[in-house]
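What follows is the residue order along each chain.
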Amino acid sequence: MTLPPGTPDLDVLDLLVSVAELGSLGAAARRHGITQPAASMRISALERRARVRLLDRGPTGSVLTDAGRVVVGHALPVLAAARSLVAGMAALQAIDVPRLRVAASKTIADHRIPQWLNALRAACPDVLVALEVENTRQVVALVRDGEADLGFVEGPHPPHGLGNRVLGVDDLVVVVAPKHPWALRREPVTLRELAGTALLWREQGSGTRETVWEILSTAGQPAAPAAELGSAVAITAAACSGVAPAVLSRLIAAPALSTGALVEIQLAPPVILTRKFRAIWRRRTPPAGPAETLVEYAVRMGSVTSTGW
């Protein structure tokens, strides 16, 4: 089916409606980003095509004629249908865009996810990634509830009931402020001493907290926290101010250690403080397509400890 001869363009109909709404050809021209003479020429062309006068032009403005008001009445539902058509087509395009919902623990999101996503973007430029940052327990819940397609967490053990793949190992270090007594002593701190000391801890549900608690529990019941803080940044600031010792990822502590704002404390006997980075997913929907590609990049870039990354 073809359009009948004389069918006006939608743009000029929209311009005529703007004249009706604003009461001025000049105001309508400004709304549409054109000059007033250009707007007048377009309306005049529509009048010639329709063979009827649509505007009464005068020194004080332009007023719709009776015919102009009839045309505007017909134009309004046509323009509304056109906008609905454009919105529907845009929605179809959005549906066709591949989406990947990712949830990541805070350390991984800050220090690893940007590299992984850059690699994924180069390989799969059309994929839209939505990233949510939470602590490890919350990331596990998002994946388990189907609100994330893929999760990245830290901790000593894989989450129960989920598929997982180890990406690499992250070193943890004991740190204190330069004026803390531990920074001035010559002999290393024992694991029992560390367990019996009030430390700066992450909140419940943190993968760092779970890892440190498990390691310290081998030497005794860990002491009550000096403070529980919701981010590694807050713990770093508190440790730098001398509030208490802390156990941090080397990834996070590195800047403060390099400037001398924090001092790394050795343990005796030598204890390897590490935690594992993992990708996790629901077992019935293992990574495929872009998700699988992202996991492969994460494995490739995270196959060594944080000190060597």
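Residues numbered from 1 in each chain as written. Predicted model: local features only at pLDDT ≥ 70, side-chain atom pairs only at ≥ 80, totals over all residues. Heavy atoms only, no water.

Scanning the protein for helices and strands turns up 13 helices and 13 strands. Taken along its principal axes, the extent of the C-alpha atoms in the protein is 100 × 45 × 30 Å. Here the protein holds 309 residues, and the buried ones make up 41% of them. Within the protein, contacts between residues separated by at least 24 positions form 75% of all contacts whose residues are at least 6 apart in sequence. (Helix = DSSP H or I, 4+ residues; strand = E, 2+ residues; numbered from the N terminus. Buried < 20%, exposed > 50% of the residue type's maximum accessible area, 1.4 Å probe, protein only. Contact = heavy atoms within 4.5 Å.)

On to unusual backbone geometry. Phi at Arg51 takes a positive value of approximately 60 degrees, unusual for a residue other than glycine. Within the fold, Arg51 resides in the loop between helix H3 (36–50) and strand S1 (55–58).

A word on helix H13 (residues 290–301). Taking 1.5 Å of rise per residue, the 12 residues of H13 would be expected to cover 16 Å, and the 16 Å separating its terminal C-alpha atoms lies within 8% of that figure. Among the residues of H13, those classed as buried are Ala291, Leu294, Val295, Tyr297, Ala298 and Val299. Here the buried face of H13 lies against strand S3 (99–105), helix H6 (113–123), strand S5 (150–155), strand S6 (162–176) and strand S13 (274–282). (Expected span 1.5 Å × (residues − 1).)

This part covers the nonpolar core. Among the nonpolar cores identified, the biggest contains 23 residues, and Leu100, Ile113, Trp116, Leu150, Phe152, Leu167 and Leu294 are the most heavily contacted of them. Counting only elements with at least two residues in this core, the list comes to S3, helix H5 (106–111), H6, S5, S13 and H13. No other element matches the five residues that H13 contributes to this core. In this view, Leu294 contacts Leu100, Val102, Trp116, Leu117, Leu120, Leu150 and Phe152; residues no more than four positions away in its chain are not counted. (Core = buried A, V, L, I, M, F, W, Y, C linked by side-chain atoms within 4.5 Å.)

Next up on the list: the pattern of salt bridges. Oppositely charged side chains are able to pair whenever their charged atoms sit close together. Counting across every chain of the model gives 14 salt bridges. Residues Asp56 and Arg53 are paired through a salt bridge, measuring 1.8 Å at the closest nitrogen-oxygen approach. The closest approach of N and O atoms between Glu203 and Arg202, which form a salt bridge, is 2.8 Å. What makes Glu203 buried here is its relative accessible area of 16%. (Salt bridge = Lys/Arg side-chain N within 4 Å of Asp/Glu carboxyl O.)

Here we come to the packing of helix H1 (residues 10–22) against H3. A pair of packed helices can be characterised by two numbers: the angle between their axes and the separation between those axes. At their nearest, the axes of H1 and H3 sit 10 Å apart, and the two run at 110 degrees to each other. Between H1 and H3, the angle falls in the class roughly perpendicular. Note on packing geometry: the crossing formed by H1 with H3 is left-handed. Residues Val12, Leu13, Leu15 and Leu16 of H1 form the contact with H3, whose participating residues are Ala39, Arg42, Ile43 and Leu46. Tallied by class, the residues present in the contact of H1 with H3 amount to seven nonpolar, no polar and one charged. (Axes fitted to C-alpha atoms, helices over the stretch in contact; angles between N-to-C directions. Parallel < 35°, antiparallel > 145°, perpendicular 65-115°, else oblique. Left-handed = near helix turned anticlockwise from the far one by under 90°. Nonpolar A, V, L, I, M, F, W, Y, C, P; charged D, E, K, R; others polar.)

With that settled, the discussion passes to the environment of Gly161. Structurally, Gly161 is set in the loop between S5 and S6. The class of Gly161 is partly exposed, set by a relative accessible area of 35%. Considered as a pair, Gly161 and Arg283 are 122 residues apart in the sequence and their alpha carbons are 7.6 Å apart.

Let us look at the confidence of the model for the protein. Low-confidence regions, as indicated by low pLDDT, have predicted coordinates that should not be scrutinised in detail. On average, residues of the protein score 88 in pLDDT, and 95% of them reach the 70 mark or higher. When pLDDT is averaged over each element of the protein, strand S11 (residues 263–265) comes out on top at 96 and strand S2 (residues 61–64) at the bottom at 80. Long-range and interchain partners of residues 303–309, a stretch whose pLDDT sits below 50, account for 19 contacts in this model, where long-range means more than four residues apart. (pLDDT = per-residue confidence, 0-100.)

A few words on the environment of Arg283. Along the polypeptide, Arg283 turns up in the loop between S13 and H13. C-alpha of Arg283 to C-alpha of Leu162: the two residues are 121 residues apart in sequence and 5.6 Å apart in space. Discounting chain neighbours no more than four positions away, the residues touching Arg283 are Gly161, Leu162 and Gly163.

It is a general feature of regular strands that their side chains alternate between the two faces of the sheet. By the criterion of burial, S6 is predominantly enclosed, with 11 of the 15 residues buried. Examined bridge by bridge, S6 and S13 share nine bridges and lie antiparallel to one another. Bridging across to S13, Gly163 finds its partner in Trp281. Inspection of the sheet shows S6 paired to strand S10 (residues 246–249) by four bridges, in the antiparallel sense. (Pairing = 2+ DSSP bridges.)

Time to look at the packing of H6 against H13. As a packed pair, H6 and H13 sit with axes 9 Å apart at the nearest point and diverge in direction by 130 degrees. With respect to each other, H6 and H13 are oriented oblique. Taken as a pair, H6 and H13 cross one another with a handedness that is right-handed. Where H6 approaches H13, its residues Gln115, Trp116, Leu117, Ala119, Leu120 and Ala123 are matched on the opposing element by Pro290, Thr293, Leu294, Tyr297, Ala298 and Met301. Of the residues that constitute the contact of H6 with H13, the class distribution is 10 nonpolar, two polar and no charged.

Now for the packing of aromatic side chains. Inspection of every chain in the model, using the stated rule, returns two aromatic pairs. Ring centres of Trp116 and Phe152 lie 5.0 Å apart, and the angle between their planes is 50 degrees; on these two criteria the pair is classed as tilted. Placement of the pair is Trp116 in helix H6 and Phe152 in strand S5, with a sequence separation of 36 residues. According to the relative accessible area criterion, Trp116 is buried, its value standing at 0%. (Phe/Tyr/Trp six-rings, centres within 6.5 Å; stacked < 30°, edge-to-face > 60°.)

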